[in-house]
Amino acid sequence: MLKKIFSRTAITAVLILIQVVWMLAMLLRMSEALPAINYILRILSLVAVFYVIKSDIDPSYKVSWVLCIAFLPLFGGLMYVLFGNKRPTRIVSEKLNVQLEKTKEYYLGKESAVNDITDDDIGAKGLFRYLEDHSGYIASRDTRIEYFPVGEDMYKCLLEELEKAENYIFLEYFIINLGQMWDSVLEILKRKVAQGVDVRVIYDDVGCADYLPPNYCQTLRSCGIKAMAFNKFVPLVSVIMNNRDHRKITVIDGKVGFIGGINISDEYINRKVRFGHWKDTGLMFKGSGVENLLVMFLEMWNAFEENDGGYADFLPEAYDEKGGADDGFVLAFSDSPLDDENTSESVYTNILYQARDYVYITTPYLAIDSSLQNALCSAAKRGVDVRLITPGIPDKKMVYRLTRSYYASLIRAGVKIYEYTPGFVHAKSYVCDDKLGVVGTVNMDYRSLYLHFECAALMYKSPAVLKLRDDDLETMEKCRRIELFDCHTSFFYELIDRLLRVVAPLL
């Protein structure tokens, strides 16, 4: 308890709260003493309402802010100015956009595998084309994909592949936590640095606020490891704290890549029990599909650290291992708040609208807008077997209550919902009709879909898709299916649920 009370997050939250209370008290006193201040604040709120209505943003986000400003006419406009912008600061955006332009130039003229998808599956082909056009990355073949149903399996394989590194190791994780998992990885990284391997680590400063010391970058650099803390965590009222690097990527020599929901922390491999059994998933690539992961990492690194070469300089001359014609297609992509394109949500809704037989979805959080909710309900109503796997033991009680607030309307539409009774589900995946699969870091909530830097992999006709399907079916056997009578459907509870969903975009 003392550790939580004196954690960086708790102390920073208290400092920010003090700043907000002081600011509001000062403005309230000024508005009472100077009527002009009162009028200015109210005019700012009115302008903010018109701006929100005019802006091209998600309708749920609009409604939430309009109601917030309406209930707080004196301070609502100021709150929107401080917290309403979903994009990073101008400096961060400019640095990242420079790298994104370089990525476009890099992929320009590169041969894509999307043309090899036959025209008889126009839905899958169109989805890959959409991702190529709007994410900037290209589809690959000749990539062997290994699916990991639990973090323990990926952890074992990760250590083996790290040991084989000869040229470089790039790690990018939302959470790195001191413990057995990180200690074993760090031991290998130190040894590889001594052998002349280029080792680089990116971690999110907010994600690691309660797990790593504030100056941990210096600790890593003293070991010869190049390190960067993304978007430094500062105890100031700041909108940029919303934009986090939620990605989980490992790239080794350009030949091997890892992606998925698994952070580097002991609960992800069940060496530490927090919320029962921790269920998470990941992928390993071997072959040309690793290239997109390499580019993603270097985009982020080069934007804020030294730029010591183009993307092509880090590609291997040949792949020691790779897939064949039977390994299907893969496209690893990233999603960011830098533009108005909600790439991950578009992938999710596209899969739901083209599904014919089934869609199985695994997500730890459910806080969705009307378009994604309509896609889920529409698929179920036309006879598609839509199933959702969510946690049985929550990590955040308010978010868990918000997740459950969607159950009744989804079940009424025919969606089947399963809660993982052994513990907490942290996996983020979709699998559809034995052909399409997505595994990555993208939760079905507003933060992942609109605010964070995320990544995922779209697979088509890969054996990994069938393994994902089988894992979902096995997981469902350990779950409790939620029926309508399990939901609170009285007028009072449904009113509370609707209110929760109104404020969900602001959480």
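Residues numbered from 1 in each chain as written. Predicted model: local features only at pLDDT ≥ 70, side-chain atom pairs only at ≥ 80, totals over all residues. Heavy atoms only, no water.

K.L.:
Would you explain the overall build of the chain in this entry?
P.N.:
On a plain count of helices and strands, the chain comes out with 18 helices and 17 strands. Taking 23 Å as the expected radius of gyration for a compact globule of 507 residues, we find that the chain reaches 23 Å, a close match to that expectation. Of all 507 residues assigned to the chain, the portion counted as buried reaches 58%. Expressed as a percentage of contacts within the chain between residues at least 6 apart in sequence, the contacts between residues at least 24 apart total 81%. Here the chain holds 58 positive side-chain charges and 67 negative ones, and the gap between their average locations is 6 Å. (Helix = DSSP H or I, 4+ residues; strand = E, 2+ residues; numbered from the N terminus. Rg over C-alpha atoms; globule rule 2.2 N^0.38 Å. Buried < 20%, exposed > 50% of the residue type's maximum accessible area, 1.4 Å probe, protein only. Contact = heavy atoms within 4.5 Å. Lys, Arg positive; Asp, Glu negative; His and termini not counted. Charge placed at Lys NZ, Arg CZ, Asp CG, Glu CD.)

K.L.:
Is there a simple way to think about empty space enclosed by the protein in this case?
P.N.:
To find the voids left in a structure, one rolls a probe of water-molecule size over its atoms. According to the stated counting rule, one finds two cavities of 30 Å³ or more in the structure shown. In this structure, the largest cavity spans a volume of roughly 70 Å³. Every residue along the wall of the largest cavity is listed here: Arg401, Arg404, Ser405, Tyr407, Ala408, Asp486, Cys487, His488 and Asp497. Elements represented by at least two residues in the lining of the largest cavity include exactly helix H14 (397-404) and helix H15 (407-413). (1 Å grid on protein atoms, 1.4 Å probe; cavity = no way out; pocket = protein on both sides within 12 Å on 5 of 7 lines; lining within 4 Å. Points joined across faces, edges and corners; volume = space filled by probe spheres on them.)

K.L.:
Would you take a moment to explain the sheet that holds strand S8 (residues 282-287) for this structure?
P.N.:
Two strands in a sheet stick together by hydrogen bonds in their backbones, pointing the same way (parallel) or opposite ways (antiparallel). Reading across from one edge, S1-S8-S6-S5-S2-S3-S4 is the order of the seven strands in this open sheet, with mixed pairing throughout. Single-partner strands in this sheet number two, and they are strand S1 (143-148) and strand S4 (226-230). For this sheet, the mean inter-axis angle between neighbouring strands, taken without regard to orientation, is 10°. Relative to S8, S1 runs antiparallel, the two sharing six bridges. (Pairing = 2+ DSSP bridges. Axes fitted to C-alpha atoms, helices over the stretch in contact; angles between N-to-C directions.)

K.L.:
Could you clarify how one ought to interpret the packing of aromatic side chains in this entry?
P.N.:
Note on aromatic pairs: each is described by the distance of the centres and the angle between the planes. According to the stated counting rule, one finds 21 aromatic pairs in the structure shown. When the centroid spacing of 6.0 Å and the interplanar angle of 15° are considered together, the rings of Phe297 and Trp301 count as stacked. Taken together, the residues Phe297 and Trp301, both in helix H11 (residues 290-304) and four residues apart, mark about one turn of the helix. Residue Phe297 shares its accessibility class with Trp301, and that shared class is buried. (Phe/Tyr/Trp six-rings, centres within 6.5 Å; stacked < 30°, edge-to-face > 60°.)

K.L.:
What's the story with the packing of helix H7 (residues 122-135) against helix H12 (residues 343-354) in this structure? I'm lost.
P.N.:
Following both chains from N to C, one finds H7 and H12 inclined at 170°, their axes separated by 11 Å at the closest point. Viewed along their axes, H7 and H12 adopt a mutual orientation that is roughly antiparallel. Two secondary-structure elements touch here, H7 through Gly123, Ala124, Leu127, Tyr130, Leu131 and His134 and H12 through Thr343, Ser346, Val347, Asn350, Ile351 and Gln354. Considering only residue class, the contact of H7 with H12 consists of six nonpolar, six polar and no charged. (Parallel < 35°, antiparallel > 145°, perpendicular 65-115°, else oblique. Nonpolar A, V, L, I, M, F, W, Y, C, P; charged D, E, K, R; others polar.)

K.L.:
Just to check I follow, could you spell out H12 for this structure?
P.N.:
Each full turn of the α-helix corresponds to 3.6 residues, which orients residues three or four apart in the same direction. End to end, H12 covers 17 Å across 12 residues, agreeing with the expected 16 Å (1.5 Å per residue, within 8%). When you tally the buried positions in H12, you get nine out of 12 residues, the bulk of the element. Turning to H12, its buried residues number three or more, namely Thr343, Ser344, Glu345, Val347, Tyr348, Thr349, Ile351, Leu352 and Gln354. (Expected span 1.5 Å × (residues − 1).)

K.L.:
Explain unusual backbone geometry here, please?
P.N.:
Residues other than glycine predominantly adopt negative phi, and peptide bonds predominantly adopt the trans conformation. Positive phi outside glycine occurs at Asp142, with the angle close to 55°. Along the chain, Asp142 turns up in the loop between H7 and S1. The phi torsion at Asn270 lies on the positive side, around 55°, for a residue other than glycine.

K.L.:
Whenever I open this one, the pairing of strand S2 (residues 168-173) confuses me. Can you help?
P.N.:
The side chains of a regular strand alternate, residue by residue, between the two faces of the sheet. Along S2, six of the six residues are buried, which leaves the element largely enclosed by surrounding structure. Burial of S2 is two-sided: the residues Tyr168, Phe170 and Glu172 facing one way and the residues Ile169, Leu171 and Tyr173 facing the other way are all buried. Regarding the hand of the β-α-β motif, the stretch spanning S2, helix H9 (residues 180-194) and strand S3 (residues 198-204) is right-handed. By the bridge criterion, five bridges tie S2 to strand S5 (residues 248-252) in an arrangement that is antiparallel. Residue Leu171 lies in a different strand from S5, and its bridge partner there is Thr250. (Right-handed = clockwise from strand over helix to strand, strands pointing away.)

K.L.:
Can you help me understand H9 in this one?
P.N.:
The terminal C-alpha atoms of H9, which comprises 15 residues, lie 22 Å apart, in line with the 21 Å expected from a rise of 1.5 Å per residue. Within H9, burial applies to Met181, Trp182, Ser184, Val185, Leu186, Ile188, Leu189 and Lys192. Each element contacted by the buried residues of H9 is listed here: helix H8 (151-163), S2, S3 and helix H10 (216-222). Just past H9, the residue Gly196 takes up positive phi, approximately 95°.

K.L.:
Looking at this structure, how should I read a nonpolar patch on the surface?
P.N.:
Taken together, the side chains of Phe491, Phe492, Tyr493, Leu495, Ile496 and Leu499 make up a nonpolar region of the molecular surface, amounting to roughly 630 Å² of accessible area. The residue Tyr493 is located in helix H18 (residues 491-503) in this model. Its relative accessible area of 35% is what places Tyr493 among the partly exposed residues. (Patch = residues over 30% accessible without salt bridge, like charges linked within 9 Å, V, L, I, M, F, W, Y side chains within 5 Å. Areas by Shrake-Rupley, 256 points an atom, 1.4 Å probe, with all protein chains shown as cover. Salt bridge = Lys/Arg side-chain N within 4 Å of Asp/Glu carboxyl O.)

K.L.:
Would you take a moment to explain the nonpolar core for this structure?
P.N.:
In a soluble, globular protein the nonpolar side chains are often hidden away together inside. Counting 106 residues, the largest nonpolar core has Phe128, Phe285 and Tyr430 as the members making the most contacts within it. If you tally residues by element for this core, the top one is H11, at 10 residues. In contact with Tyr430, not counting residues within four places along its chain, are Tyr348, Ile351, Leu352, Val359, Tyr360, Ile361, Leu372, Leu436, Gly437, Val438, Met444 and Leu468. Core analysis: the second largest hydrophobic core is formed by 44 residues, Met154, Leu158, Ile264 and Tyr365 among them. (Core = buried A, V, L, I, M, F, W, Y, C linked by side-chain atoms within 4.5 Å.)

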